[in-house]
Amino acid sequence: MSDNSIKFPMRTPLGRVRGLGSAKGGTHHWWMQRVTSIALLPLTLWFVFSAASMTGQSFEATQAWIARPFNAVLLLATIGLSFYHAAIGVQVVIEDYTRGELVRTGGILAVKGLCWILALVAGLAVLRIAV
């Protein structure tokens, strides 16, 4: 038994030769899900408490709150990370539970495209108010 098979007993023989696991780069999505979820935790708490404190405020007061640079930057970070987190999460579900390469590829492209469009629209809305 080679030294590599002792270190990595779950790898296929081809994976041991190439130095990759069975899914090659599958750990990237796993890590990005964890990183974005950790980043979203304080951002989501900030947003929930901020939104709760704004109840009963006028439309103009809400726009003024969004226009503050600190709030605008945090909103943009929340929007970007939320849609990225959602896109890679749904991509993993599609990859794991759909059959057929065409359906899988089409589903992933549709989810990524929708997330990009929604993130751009939301981000541009914040920027339009803030600038």
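All values derive from a computational prediction rather than experimental measurement. Counting of residues starts from 1 at the beginning of each chain's written sequence and follows it residue by residue. Thresholds applied to this predicted model are a pLDDT of at least 70 for local features of residues and 80 or more for the giving and counting of side-chain atom pairs; totals over whole chains, interfaces and linings are not thresholded and use all residues. Just so you know, side-chain values use all the structure's heavy atoms and leave hydrogens and water out.

Caption draft 1: Structural detail: the overall build of the protein. For the protein, the helix and strand inventory stands at six helices and zero strands. Helix numbering and strand numbering both begin at the N terminus, where a helix is a DSSP run of H or I of at least 4 residues and a strand a DSSP run of E of at least 2. Along the chain direction, N to C, the helices and strands of the protein fall in the order α-α-α-α-α-α. A contact between two residues is defined here by any heavy atoms of the two lying within 4.5 Å. Sequence separation of at least 24 residues holds for 66% of the intrachain contacts in the protein that already meet a minimum separation of 6. Entry remark: accessible area of the protein is about 9400 Å², with carbon and sulfur atoms responsible for 71%. Methods summary: accessible areas were calculated by the Shrake-Rupley approach with a probe of 1.4 Å, and residue burial reflects only the protein chains presented.

Caption draft 2: The arrangement of the confidence of the model for the protein in detail. Of the residues in the protein, 81% have a pLDDT of 70 or more, and the chain-wide mean is 88. The quantity called pLDDT is the predictor's confidence in a given residue, expressed from 0 to 100. Looking at the elements of the protein, mean pLDDT is at its lowest for helix α1 (residues 3-7), recorded as 55, and at its highest for helix α6 (residues 101-130), recorded as 97.

Caption draft 3: Main features of the nonpolar core. We call a set of buried Ala, Val, Leu, Ile, Met, Phe, Trp, Tyr and Cys residues a nonpolar core when their side-chain atoms join them within 4.5 Å. Throughout, exposure labels follow a simple rule: accessible area from a 1.4 Å probe, protein chains only, divided by the maximum for the residue type, with under 20% read as buried, over 50% as exposed, and the rest as partly exposed. Among the nonpolar cores identified, the biggest contains eleven residues, and these are Leu43, Trp46, Met54, Trp65, Ile66, Ala72, Leu74, Leu75, Ile79, Ala119 and Val126. Elements that contribute at least two residues to this core include exactly α3 (26-53), α4 (59-67), α5 (69-97) and α6. With four residues, the single largest contributor to this core is α5. Apart from residues lying up to four places away in sequence, Ala119 is in contact with Ile79 and Phe83.

Caption draft 4: Broad picture of the packing of aromatic side chains. Aromatic rings from Phe, Tyr and Trp, with only the six-membered ring used for Trp, were paired whenever their centres fell within 6.5 Å, and each pair was classed as stacked if the ring planes differed by under 30 degrees, edge-to-face if by over 60, and tilted otherwise. Per the counting criterion, the structure on display carries three aromatic pairs. Seen from their ring centres, Trp30 and Trp31 are 5.1 Å apart, and the 85 degrees between their planes marks the pair as edge-to-face. Measuring from ring centre to ring centre gives 5.6 Å for Trp46 and Trp65, while their planes differ by 20 degrees; the resulting arrangement is stacked. One end of the pair, Trp46, is in helix α3; the other, Trp65, is in helix α4, and 19 residues separate them in sequence. The residues Trp46 and Trp65 share a single accessibility class, namely buried. Put simply, the rings of Trp46, Phe47 and Trp65 touch in pairs and so form one group of aromatic residues.

Caption draft 5: Looking closely at the UniProt feature "transmembrane region" (unreviewed entry) in the protein. UniProt positions are given in the numbering used here, feature names are shortened, and annotations may be inferred rather than shown by experiment. Mapped onto the present numbering, the UniProt feature "transmembrane region" (unreviewed entry) falls at residues 30-49, 70-94 and 106-127. Helix makes up 100% of residues 106-127 and strand makes up 0%, while its end C-alpha atoms are separated by 31 Å.

Caption draft 6: Structural detail: the packing of α4 against α5. For helices, the axis comes from a line fit to the C-alpha atoms of the stretch in contact; other axes are also lines fit to C-alpha atoms, and the angle between any two N-to-C directions lies between 0 and 180 degrees. Running from amino to carboxyl end, α4 crosses α5 at an angle of 80 degrees, the nearest separation of the two axes being 5 Å. With respect to α5, the axis of α4 lies roughly perpendicular. Taken together, the residues of α5 that come into contact with α4 (itself represented by Trp65, Ile66 and Ala67) are Pro69, Asn71, Ala72 and Leu75. Amino acids outside the nonpolar list (Ala, Val, Leu, Ile, Met, Phe, Trp, Tyr, Cys, Pro) and the charged list (Asp, Glu, Lys, Arg) are all regarded as polar, and Gly is one of them. Here the residues of the contact of α4 with α5 are counted per class, giving six nonpolar, one polar and no charged. Small angles under 35 degrees read as roughly parallel and large ones over 145 as roughly antiparallel, with 65 to 115 read as roughly perpendicular and the rest as oblique.

Caption draft 7: Summary view of the side chain of Ser50. With respect to the element layout, Ser50 can be found in helix α3. At a separation of 2.8 Å, a polar atom in the side chain of Ser50 contacts the main-chain carbonyl oxygen of Trp46. A 3.5 Å cut-off defines polar contacts: any pair of N or O atoms within that distance qualifies, except that in protein one atom must be a possible hydrogen donor and the other a possible acceptor, and neighbouring residues in sequence count only when both atoms are side-chain atoms.

Caption draft 8: Inspection of α6 at higher detail. The length a helix should cover is 1.5 Å for every residue beyond the first. End to end, α6 covers 43 Å across 30 residues, agreeing with the expected 44 Å (1.5 Å per residue, within 8%). Those residues of α6 lying buried are Ile108, Val111, Cys115, Ala119, Gly123 and Val126. Taken together, the buried residues of α6 touch α4 and α5.

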